[in-house]
Amino acid sequence: MARVTKAMREQAGQLAERPYTFTAVRGEDGIWTSGVLEMSGVISEGDDPGEAIEMAGEALRGIILTMLEDGQLIPEPFETREYSGQMYLRIGPDIHQRAAMLAAEKGMSLNRWLAAAVARETGLAERVAG
């Protein structure tokens, strides 16, 4: 482990300011739990969503500092990553068969049908023409 320097603390703060994806979920006890999708180890709580996210931001800075200290790569925020629009999907043969049948029923290619299904699940269905 490297010794933590002022420069490392500043770098951690700058990296934590990038547009990471924060979540906030209210528990049954009324406490809000917040995290960062890009880094599963960042979890915090607060009395309201704002406080939980603020606390998660502090936790994010700490995790990034530890990662820098250990020489680990810091994940890029989803927002700044580049996506090609291509992905490879492995599914069971029975799911593959059923999806092919459903696509055929709709008069669509399997690729287009899968793209539409993913778009529906992500809330972006309006961006995919059927």
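Worth saying up front: this structure is predicted, and the values here are computed from it rather than measured.

Procedures and definitions
Sequence order as written defines residue numbering, which begins from 1 separately in each chain. It should be noted that, the model being predicted, local features are given only for residues of pLDDT at least 70 and side-chain atom pairs only at 80 or more, the latter also being counted only at that level, while totals for whole chains, interfaces and linings use all residues. Only heavy atoms go into the side-chain values, all of them from the structure, while hydrogens and water stay out. A pair of strands is treated as paired once DSSP finds two or more bridges between them. Helix and strand definitions follow DSSP, with helices as H or I runs of at least four residues and strands as E runs of at least two, each counted in order from the N terminus. Note on method: axes are straight lines fitted to C-alpha atoms, helices fitted across the in-contact stretch only, with angles between N-to-C directions ranging 0 to 180 degrees. Buried residues of nine kinds, namely Ala, Val, Leu, Ile, Met, Phe, Trp, Tyr and Cys, make up a nonpolar core once their side-chain atoms join them within 4.5 Å. Whether a residue is buried, partly exposed or exposed follows from its accessible area with a 1.4 Å probe, protein chains only, as a fraction of its type maximum: under 20%, in between, or over 50%, in that order. Working rule for contacts: check all heavy atoms of both residues, and any pair within 4.5 Å makes them a contact.

Undergrad: Would you take a moment to explain the sheet that holds strand 1 (residues 22-26) for this structure?
TA: Ordered by their spatial adjacency, three strands build an open sheet running 1-2-3, and the pairing between neighbours is antiparallel. Edge positions in the sheet fall to strand 1 and strand 3 (39-46), since each has one partner strand and no second. In this sheet, adjacent strand axes meet at a mean angle of 25 degrees when their direction is disregarded. Sheet topology places strand 2 (residues 32-36) next to strand 3; five bridges connect them, and they run antiparallel. Bridge assignment links G35 to a residue of strand 3, and that residue is I43.

Undergrad: Just checking my understanding: could you explain the nonpolar core for this structure?
TA: Ranked by size, the top nonpolar core spans 15 residues in total, and within it Y20, M39, V42, L60, I64, L68 and I74 carry the most contacts. Of all the elements in the fold, those that place two or more residues in this core are helix 1 (6-16), strand 3 and helix 2 (49-69). By residue number, the principal contributor to this core is helix 2, which donates six residues. In this view, I74 contacts L15, R18, Y20, M39, I64, M67 and L68; residues no more than four positions away in its chain are not counted. Judged by nonpolar contacts, the second largest core, of five residues, contains A99, A103, M108 and A116.

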